[in-house]
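Structural characterization, general
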Amino acid sequence: MADQVLVIGSGGREHALAWKLAQSPHIKHVFVAPGNAGTADSGKISNSAISVSNHAALAQFCRDAEIKLVVVGPEVPLAAGIVDDLTAAGVRCFGPTAKAAQLESSKSFTKDFLDRHEIPTARWKSFTDPKAACSFINSANFPALVVKASGLAAGKGVIVASNKEEACKAVTDIMQDKTFGTAGETVVVEELLEGEEVSCLCFTDGITIASMPPAQDHKRLMDGDEGPNTGGMGAYSPAPQISKDLLQKIRDTVLQKTVDGMRKEGVPYFGVLYAGLMLTKDGPKVLEFNCRFGDPECQVILPLLKSDLYEVMQAVINKKLSSSMPVWFEDSAAVTVVMASEGYPGTYPRGLEITGLSKAKQLGLEVFHAGTALKDGKVVTSGGRVLTVTAIKEDLMTALQEANKGVAAIHFKGAIYRKDIGYRAIAFLKQSRGLTYKNSGVDIAAGNTLVQKIKPLASATSRSGCNAELGGFAGLFDLKAAGYKDPILVSGTDGVGTKLKIAQICKKHDTIGQDLVAMCVNDILAQGAEPLFFLDYFACGKLDVEVAQGVIAGIAEACKKAGCALLGGETAEMPGMYPPGEYDLAGFAVGAVERGQMLPQLERITDGDVVIGVASSGVHSNGYSLVRKIVEKSSFDFSSPVDVSGYQTLGDLLLTPTKIYSKALLPVLRSGHVKAYAHITGGGLLENIPRVLPESVGVILDALTWKVPEIFCWLHKEGNLSEEEMIRTFNCGIGAVLVVQKELAHQILKDIERHEAAWLIGKVVSLQKGSAHVKVHNLLRALQANRSLSLHSHIQGRIQTKKVKVAVLISGTGTNLEALISSTKKPTSFAQIVLVISNKAGVEGLRKAERAGISTRVIDHKLYESRTEFDSAVDKVLEEFSVELICLAGFMRILSGPFVKKWEGKILNIHPSLLPSFKGANAHKLVLQAGVRVTGCTVHFVAEEVDAGAIIFQEAVPVKVGDTVETLSERVKEAEHRAFPAALQLVASGAVQVGEAGKIYWK
């Protein structure tokens, strides 16, 4: 069902907002209050006469008209608290609160904020006394020539003086003559900065920011930046003066730091943040903030938005911007030209007829109305800035030409407009400037830094035949020095596939290098070859030296395990080829085998030979596209704990590195007793074994003869995979197979078992015509025989009818609160956090809840004479929100007996030890004093006796040599972040309940 939306305001910005919102298929109608002639009756858009200053009446209108979203255009309603009042009345609103809008409504607040958070800005001082301000202007050791009214002045409250006398006059005009009314009761005097002025805007949900294309407006009335200051006479976007690197710098050092700073100060910022910046020789510096779209910047930015604006705004309000980042039209530019009334920015006539609007539309232009009204069926002027004409073309020059054509087609008496909008950008584009490789996105210095860091890693892999020194054009290998007499060279190449995706999601890059080496060296073993040297290829869009070093360190370590040298490699930084944070890998292994020892020996393989299977470490590096799809559709994610007693996540388990078989199997392969070896890689058991067999034979395997790792049992069950899909995609626990003579099988098995787990898993048989080369018996029984991941078995198959309402009680930061929030935000969650209660005001945990859109209450225990009275007050609020379960997350109060009894089996707490050991406070200290090697955390139901309730979930954490209370605490906290959400899901799903006498039982 389509929604109705209300836009607050009457300018060109509001017309543009309504125009863009009306394009959404989710929107049935857009009301604009009070609107203008352009929004009066235009398809989905119409005006409303509702008063925007009477917030109570406005809220009632929104309820009556079923308004699903209010979008606030101008700054004055924001400063007046329209968002606060409408939100409190249950009306969804896009824009910051009044407190957050101080970034615009108070220049002195903003300057203080910028200094507190070390965000670059001009030097400054604020004054309430005009004499003190003038004294500062005359004595400052920098050009203190910019005078600003601290309050809102419709974008005109800034005077840039050419000398000290002019600056002092500006102070007098603002403070004594009240040029800008009460907005000038405080003035800010700041340094005159030199450089290019630009506007950088972003959407933000209080945590994530999404940058918009940079823009530049033109404040002066006349061409060449002459004449008085105005609200803006035109704008263009994108501003080519801002490179991608510079925009990223502005994003990081200004926009993100501002949003983070507001959140840290307990005033989360939602909506659009506009930074007016000066590009100085020392870098970008903040001139001002606006807490909404600029006007006329809005009229050039929104036409470049490819995404649905309504969806973006909803993502902001729902705090899900990171998963709904806006997309912009590439290779497009927009220019808007403002047409103003004669006399603007002073007094001007009204009621003048405007003609030619339809002609401008016929030219393919967008005309956004501002100071217009309808009179006797005609459009007339009613304001200083009357309308804006916007052109969207492939480049700025063409867009400006087209916009000027539109302006020439529109007429009203005395119209004023500029013809040079975008002239700075055009001049910038015409400048001849030398490009650099770094400008294009390739950082040679970073590449050189990486080489220096990995040189010792490669050098440590030296072996007979080469010294593995990086830096030359090519690597050399001396086969004679390696002991070969009549060698055949064997080469192999491979990658890691989409296992890389999981490594990148989990930010775990240290094991993926072993996968790369293993996939290559295990392949060349199929020819009986010893791996001699390895080359790697690391490709990315932007080189992160730390990540690349971690990957290559893993490659070097794996080369040592394989007995080969890391002889060289290539690091390719290719801007635009890979998204940020992503990289790809390829590897190349070269080995050698003496001519008479090559495998497979097809002529020796006969009916009755035995197949030996060598254990895999898990999934290895194949089938991960299917694995990721199974995880995506499951109730797990890669951070989920995989069993009750362990401390491993699903991501850790899936990133278990591929086994390297060369050192363990080479002596056996060289013995002359092995007829064939197959690496079980892509294609699984079904497709890899036939690659080393004659056409006349096949194999029959019995899956009950080897241990199938639990991860395969889970994948089989969770993905509802067929047996054929399992053996065609996965290794199912067998990483390599050897074909040997029956009489020698047991001796060869013993030789292998000195290094690796292995089994006699089948036999070679003559192949009947049309028969399969590989048959695996009893696979289903083997998969069912191994217990799957324990958490999965408790909640698998449960139907989510409704989410259980949960309250979290905190006293401070709510250490586990964020993990609980993240868990319950998942669509598959059985629980929903509806309330966070703190017994202390102003704590970080409350801010975490507010950022997540969760209701909060403060119930100060100091205001109650007893624990029972305090608990009664808490209980009343819990009933108000229909709470069904309670989680204690750092709640530093002991609950009274009556409260615990009433909520028996419905209160969960977490303790930082493996209960029943080390109860009470100082658990980590007690653990270290006792000298135990394993501790962990326990989630339990709350009973009247402290830490004595029935245990729901535990996760173990090893105690390391040299651990302190602090280091151990940090690792246990990580386990808590996994265990508490897991336990909550078990209880909310009904899998775990408390029975008689406080005993736990599982359904």
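The sections below set out a description of the structure shown in this document.

Reading guide: rules and limits
- Residues numbered from 1 in each chain as written.
- Predicted model: local features only at pLDDT ≥ 70, side-chain atom pairs only at ≥ 80, totals over all residues.
- Heavy atoms only, no water.
- Phe/Tyr/Trp six-rings, centres within 6.5 Å; stacked < 30°, edge-to-face > 60°.
- Helix = DSSP H or I, 4+ residues; strand = E, 2+ residues; numbered from the N terminus.
- Salt bridge = Lys/Arg side-chain N within 4 Å of Asp/Glu carboxyl O.
- Core = buried A, V, L, I, M, F, W, Y, C linked by side-chain atoms within 4.5 Å.
- Buried < 20%, exposed > 50% of the residue type's maximum accessible area, 1.4 Å probe, protein only.
- Contact = heavy atoms within 4.5 Å.
- Pairing = 2+ DSSP bridges.
- Axes fitted to C-alpha atoms, helices over the stretch in contact; angles between N-to-C directions.
- Parallel < 35°, antiparallel > 145°, perpendicular 65-115°, else oblique.
- Left-handed = near helix turned anticlockwise from the far one by under 90°.
- Nonpolar A, V, L, I, M, F, W, Y, C, P; charged D, E, K, R; others polar.

Points about the packing of aromatic side chains
Counted under the stated rule, the structure contains twelve aromatic pairs. Ring centres 6.0 Å apart and planes at 70 degrees place the aromatic pair phenylalanine 136 and phenylalanine 142 in the edge-to-face group. Summarising the aromatic geometry, the rings of phenylalanine 203 and phenylalanine 293 are spaced 6.0 Å apart at their centres and angled 80 degrees between planes, so their arrangement reads as edge-to-face. Within this pair, whereas phenylalanine 203 is found in strand 11 (residues 196–204), its partner phenylalanine 293 is found in the loop between strand 18 (283–290) and helix 10 (298–301), the two being separated by 90 residues in sequence.

Overview of the environment of glycine 936
Structurally, glycine 936 is set in strand 39 (residues 934–941). Taking the C-alpha atoms as reference points, glycine 936 and valine 972, 36 residues apart in sequence, are found 5.8 Å from one another.

Topic: the pattern of salt bridges
According to the stated counting rule, one finds 43 salt bridges in the structure shown. Linking aspartate 225 and arginine 418 is a salt bridge whose minimum nitrogen-to-oxygen distance equals 3.0 Å. In this pair, aspartate 225 is assigned in the loop between strand 14 (220–222) and strand 15 (226–229) and arginine 418 in the loop between helix 13 (396–409) and helix 14 (423–430), connecting sequence segments 193 residues apart.

Some words on the nonpolar core
Counting 86 residues, the largest nonpolar core has Phe534, Tyr583, Leu654 and Leu701 as the members making the most contacts within it. For this core, the element with the most residues is helix 18 (residues 545–562), which contributes ten residues. Non-local contacts of leucine 701, meaning those with residues more than four positions away in its chain, are made with Val611, Leu685, Ile689, Trp706, Ile761, Gly762, Val774, Lys775, Val776 and His777. Of all hydrophobic cores here, the second largest spans 44 residues; its members include Phe31, Val91, Ala101 and Leu255.

Regarding the sheet that holds strand 26 (residues 565–573)
Within a sheet, each strand pairs with its neighbour through backbone hydrogen bonds, oriented either parallel or antiparallel. On the basis of which strands lie adjacent, the open sheet formed by four strands has the order 24-27-25-26 and mixed pairing. Edge positions in the sheet fall to strand 24 (487–494) and strand 26, since each of these pairs with one other strand and no more. With strand direction ignored, the average angle separating the axes of adjacent strands in the sheet is 15 degrees. With eight bridges joining them, strand 25 (residues 530–540) and strand 26 adopt parallel strand pairing. Pairing of tyrosine 537 across the sheet is with glutamate 570, part of strand 26. Relative to strand 25, helix 18 is tilted by about 170 degrees, and along the sheet it contacts strand 25, strand 26 and strand 27 (583–594).

Topic: the packing of helix 15 (residues 444–459) against helix 18
The relative placement of two packed helices is expressed as an angle between their axes plus a distance between the axes. Two numbers describe how helix 15 lies on helix 18: the axes approach to 10 Å, and their chain directions differ by 25 degrees. One element, helix 15, and the other, helix 18, form an angle in the roughly parallel class. The way helix 15 lies across helix 18 gives a crossing that is right-handed. Here Ala446, Thr449, Leu450, Lys453, Ile454 and Leu457 of helix 15 come into contact with helix 18, specifically with Val545, Ala548, Gln549, Ile552, Ala553 and Ala556. Across the contact of helix 15 with helix 18, the residue classes break down as nine nonpolar, two polar and one charged.

With respect to the environment of lysine 99
Here lysine 99 lies in the loop between strand 6 (93–94) and helix 5 (102–105). Residues lysine 99 and alanine 79, spaced 20 residues apart in sequence, show a C-alpha to C-alpha distance of 7.7 Å. Setting aside residues up to four positions removed in sequence, lysine 99 forms contacts with Met262 and Val267.

What to know about the environment of valine 442
Among the secondary structure elements, valine 442 is positioned in the loop between helix 14 and helix 15. Its relative accessible area of 12% is what places valine 442 among the buried residues. As for valine 442 and serine 896, which are separated by 454 residues in sequence, their C-alpha atoms are 64 Å apart. With residues up to four places along the chain from it excluded, the contact list for valine 442 reads Tyr437, Glu573 and Pro575.

Section: the pairing of strand 18
Of all eight residues that make up strand 18, seven are buried, and the element is covered over most of its length. Relative to strand 18, strand 17 (residues 271–280) runs antiparallel, the two being bridged by seven bridges. When the sheet's bridge partners are listed, methionine 278 is paired in strand 18 with lysine 285. Joining the antiparallel neighbours strand 17 and strand 18 is a turn of two residues.

Structural notes on unusual backbone geometry
Here the residue pair alanine 33 and proline 34 is connected by a cis peptide bond, since its omega of 0 degrees sits within 30 degrees of zero. Relative to the helices and strands, proline 34 resides in strand 2 (residues 27–34). In this structure, cysteine 732 takes a positive phi of about 55 degrees despite not being glycine. Tracing the backbone through its elements, the reader meets cysteine 732 in the loop between helix 24 (723–729) and strand 31 (734–740).

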